[in-house]
Amino acid sequence: RASRFTHDLAQGQRAPCQDSIRDGDVPVVVLLSGTGEGKSTVADVLAGDPYLALPSAGAESMTNDTCIYHTQFFNGGKVDIVDTAGFGDSRSERMEENEAKLVTSLVQMQRLDVILWVLSAVKPRMDQQRQNAFRFVRSYFGMHMYKHLIF
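Note that this is a predicted model, so its numbers are computed, not measured.

Engineer: Before we go on, may I ask you to explain the sheet that holds strand β2 (residues 67-72) in this structure?
Structural biologist: The pairing of strands in a sheet comes from backbone hydrogen bonds and takes either a parallel or an antiparallel form. Reading across the sheet, the five strands line up as β2-β3-β1-β4-β5 and stay open at both edges, with mixed pairing between neighbours. Where the open sheet ends on each side, the last strands, each with one partner, are β2 and β5 (149-150). With four bridges joining them, strand β1 (residues 28-32) and strand β4 (residues 114-117) adopt parallel strand pairing. Note that in β4 the partner of Val30 across the bridge is Ile115.

Engineer: What should I look at first to understand the pairing of β4 in this one?
Structural biologist: Within a regular strand, the side chains alternate between the two sheet faces. As defined by bridge partners, β4 adjoins β5 across two bridges and the pair is classed as parallel. Among the inter-strand pairings, Leu116 is bridged to a residue of β5, identified as Ile150.

Engineer: Please explain the pattern of salt bridges as it appears in this structure.
Structural biologist: Across all of its chains, the model carries three salt bridges by this definition. Between Arg130 and Glu37 there is a salt bridge, with the nearest N and O atoms lying 2.8 Å from each other. Of this pair, Arg130 sits in helix α3 (residues 128-141) while Glu37 sits in the loop between β1 and α1 (39-47), placing them 93 residues apart in sequence. The class for Arg130 is buried, based on a relative accessible area of 5%. Overall, Glu37 belongs to the buried group, its relative accessible area being 7%.

About the criteria used
Residues numbered from 1 in each chain as written. Predicted model: local features only at pLDDT ≥ 70, side-chain atom pairs only at ≥ 80, totals over all residues. Heavy atoms only, no water. Pairing = 2+ DSSP bridges. Helix = DSSP H or I, 4+ residues; strand = E, 2+ residues; numbered from the N terminus. Salt bridge = Lys/Arg side-chain N within 4 Å of Asp/Glu carboxyl O. Buried < 20%, exposed > 50% of the residue type's maximum accessible area, 1.4 Å probe, protein only.

In C-alpha cells:
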C-alpha cells in the first residue's frame, strides 16, 4: 500500500530531520512556543501525519533540537515545517542552550514564511514565561515579525 507520507515509519518512531529548508517556492512554517505547548502535535496536524514529530505525552520537553521536516500539507502541497525546542524548558539547565540553538537555526534558514506561535488551551493566560519568550523572539526578528506571525 502506497503512503502519502514522506517516511515509512512504524508507530512510535519519529520522522527524520532534514539539515536545511528546501529551495524554491516551498513555504516554511516555524513553530514556536514554550515547552509542552503542543508544537510537535501541530506539526503532525499540519502534515496530516500522526507520526511526523512524535509529540510528548505531557509538559516534559520532547524536542531538544530544531528539526526541519520536508513534508506536505494535508491537501498535498509541499511545506517545510520547523519544529523547535520550547522556551522555558522543563529542564532548566537547557534553557539558554535551546535559545542559542534556535537563533543559530533561524539564521541558517535565511527565510521563513510563517511563524506559528502555538498556545496550549490548558494555559490560556500570557504568563511571564510566555512574555519572556515572545520578547526574545521579537528581539531577534524586530517588528518585521508581525508580518509573519499567527497565534
